[in-house]
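# Summary of structural features
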Amino acid sequence: MPDALHEWIELRQDAIVWVAGLISLALVGYMVLVFGRFLVYWAGSRHAFKHGRPAEPGDPAAFEWHLVIPCRDEEAVVTQTLEGLRAAAPEAHLWVIDDDSEDATRELVLAAATRDPRVRLVQRRRPHARIGKGAALNAAYREISDRLPGSTDRSRVVIGVVDADGQLDPGTLAQVCNAKALGRPDTGAVQIGVRMRNADDELPLPGRGRAANALARALVRMQDVEFQANNAGMQLLRRRTGSVGLGGNGQFVRLTALDSLTAEEGRAGRPWPERALLEDYESGLDLRLAGWRLTHVTETQVSQEGLVSLRRFLTQRTRWAQGNMQCLRYTGRVLRSPHYSWSGKAEVMYTFLQPVVCVLLVLLFPLSLGITAAGLVLFPAETADFQLRFGPWMLLAFLLATLPMVSWGLAYRRTVHPDRGRLTGLLWGVLVWLYAYHLFVVAARAAVRILLGRNGWAKTRRNAEKVGLGAPTALES
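Now for a quick tour of the structure. Along each chain, residue indices are assigned from 1 in the same order as the chain's sequence is written. Under the rules for a predicted model, residues below a pLDDT of 70 receive no local features and side-chain atom pairs below 80 are neither given nor counted, while totals for whole chains, interfaces and linings still include all residues. Values shown for side chains rest on all heavy atoms present in the structure; no hydrogens or waters enter the calculation.

### Topic: helix α9 (residues 279–289)
Counted residue by residue, α9 has 11 buried out of 11 residues, so it is predominantly covered. The set of residues buried in α9 consists of E279, D280, Y281, E282, S283, G284, L285, D286, L287, R288 and L289. Helix numbers and strand numbers start at the N terminus; a helix is a DSSP run of H or I with at least 4 residues, a strand a run of E with at least 2. Looking one or two residues beyond α9, the residue adopting positive phi is G291, at roughly 100°. The classification of residues rests on relative accessible area computed with a 1.4 Å probe and restricted to protein chains. Under 20% of the type maximum is buried, over 50% is exposed, and intermediate values are partly exposed.

### Quick look at the side chain of Q191
Relative to the assigned elements, Q191 resides in strand β6 (residues 187–196). The exposure class of Q191 is buried, given its relative accessible area of 3%. Within the local environment of Q191, its side chain forms a polar contact with the backbone oxygen of G250, the two atoms lying 3.3 Å apart. We call two residues contacting when some pair of their heavy atoms lies within 4.5 Å. Beyond its immediate stretch of four places on either side in the chain, Q191 contacts Q235, G245, L246, G247, N249, G250, Q251, T295, H296 and V297. Polar contacts here mean pairs of N or O atoms no more than 3.5 Å apart (in protein, one a potential hydrogen donor and the other a potential acceptor; neighbouring residues in sequence count only if both atoms are side-chain atoms).

### Examining the sheet that holds strand β2 (residues 93–99)
A pair of strands counts as paired when DSSP detects no fewer than two bridges linking them. Across the sheet, 8 strands lie side by side as β3-β2-β1-β4-β7-β6-β8-β5; this open sheet has mixed pairing. Taken across any chain shown, the strands that pair with only one partner, and hence form the sheet edges, are β3 (119–124) and β5 (167–168). Packed on one face of the sheet, helix α8 (residues 255–262) meets β4 (157–161), β6 and β7 (251–254) and runs near 70° to β7. Whenever a helix is involved, its axis is fitted only over the stretch in contact; in every case the axis is a line through C-alpha atoms, and angles between N-to-C directions fall within 0 to 180 degrees.

### So, a nonpolar patch on the surface
Without a salt bridge and with relative accessible area above 30%, a residue can belong to a patch; like charges are then joined within 9 Å and nonpolar side chains (Val, Leu, Ile, Met, Phe, Trp, Tyr) within 5 Å. What sets the accessible areas is the Shrake-Rupley method with a 1.4 Å probe; for residues, cover comes only from the shown protein chains. Salt bridges, as used here, are contacts in which a Lys or Arg side-chain nitrogen is within 4 Å of a carboxyl oxygen on Asp or Glu. A surface patch of nonpolar side chains, amounting to about 810 Å² of accessible area, comprises L395, F398, L399, L410, L423, L426, V430, L434 and Y437. Secondary structure elements with two or more residues in the nonpolar patch: α13 (380–416) and α14 (422–435). In this fold, L423 is placed in helix α14. Judged by relative accessible area, L423 falls into the exposed class, the value being 68%.

### Some thoughts on unusual backbone geometry
A cis amide bond, omega 15°, links R126 with the succeeding residue P127. By the element assignment, P127 lies in the loop between β3 and α5 (133–147). The backbone phi angle of D100 is positive, close to 55°, even though this residue is not glycine. With respect to the helices, strands and loops of the structure, D100 is situated in the loop between β2 and α4 (105–115). The exposure class assigned to D100 is buried, which follows from its relative accessible area of 10%. A positive phi angle is found at R275, which is not glycine, with a value near 65°. Within the secondary structure, R275 sits in the loop between α8 and α9.

Here it is as structure tokens:
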């Protein structure tokens, strides 16, 4: 070390130690705060998950049902989806939105429409097509509205949104209109549960080796645990706080609720946000801000394919994280809204800030390591003392953070797979803990996309789609 630098450090050693210690304490304090908010949210979700009470089915005949299926290059799944929806909801009208597909989606839907008069095609063309799911849903809203007779009681008309690979459980419509859901006239929208129907597929990647299939099985299983345990608990907590979020698959919205959004300035014919990456969650915010009640129904589910490709999974989740960050613009409106309780506002802010917290932790972790490394070189005694005092507490917090995640694996085994042993549930819980670290990866990727001004909407490829050599993981406009 040069003499001048050594002399400068000796003269200012106390100040440097004080500043380094202050920064280190701030980092520890931030991590404790993050850990604390996570524990509170988990405890609320876990309690709601354990004590959810089922409701008696309602009468689907009291409503008129329109199921909307947005499609963009969905020839691999659309025919099977229409057949499944007709079997699960024979009374529903099925509206397929072809968002200017470049495959045989349109032809397959028209063929289905010749066999089933309740299947209809909503055709979109560029430049108005392929700009986002919200714009596609708005096209269906306008088409349905135009076709309804003037005498229709629009409060009794329900529009459901189902993914192109989605399959409803039998009896779904009866559960959606139960007395705690659309059976209440103040309920504007209902979200049902989601599960991965390929979670028990032993060979998700035919033709690939054992390692690749083991990774794919674990990835799909974790998505199933996430939706049927973690997310179910989160939605049940939101049901208590009045801040239920809508998803892109399995949401059901009263037509008059959508009408109320189109009455706002600049939104004629466009109840869903356009060019939004999370148009589903944002539409739920809009409905709640407009005074409508939203609820979550656990008595029925919609199934979808869990992604077997890690690349496609990260692409999808990056879009979700970026869409979550876009929702920060709602902060002021939510905090000022009389329709959210204090607990609802706290829950929404937790959701809004989750990817931001992850990005900050990604940035702070190397900073913490850098400070520690510099301290060990320049001030080994003081740094060692600091580590001895706070290191065990940080290690304890890290270990404790695994327990809530592990508990979701055990809860999933108990409620979804009681035929499996407790050791399997424990293994799933450990995998959930490791799986949760993808949040840091996708949040960082989303932040980079925002900084680069990239806000394109990506359609993640289905498992059944054939992907050519060098083809992109997702189709993005």
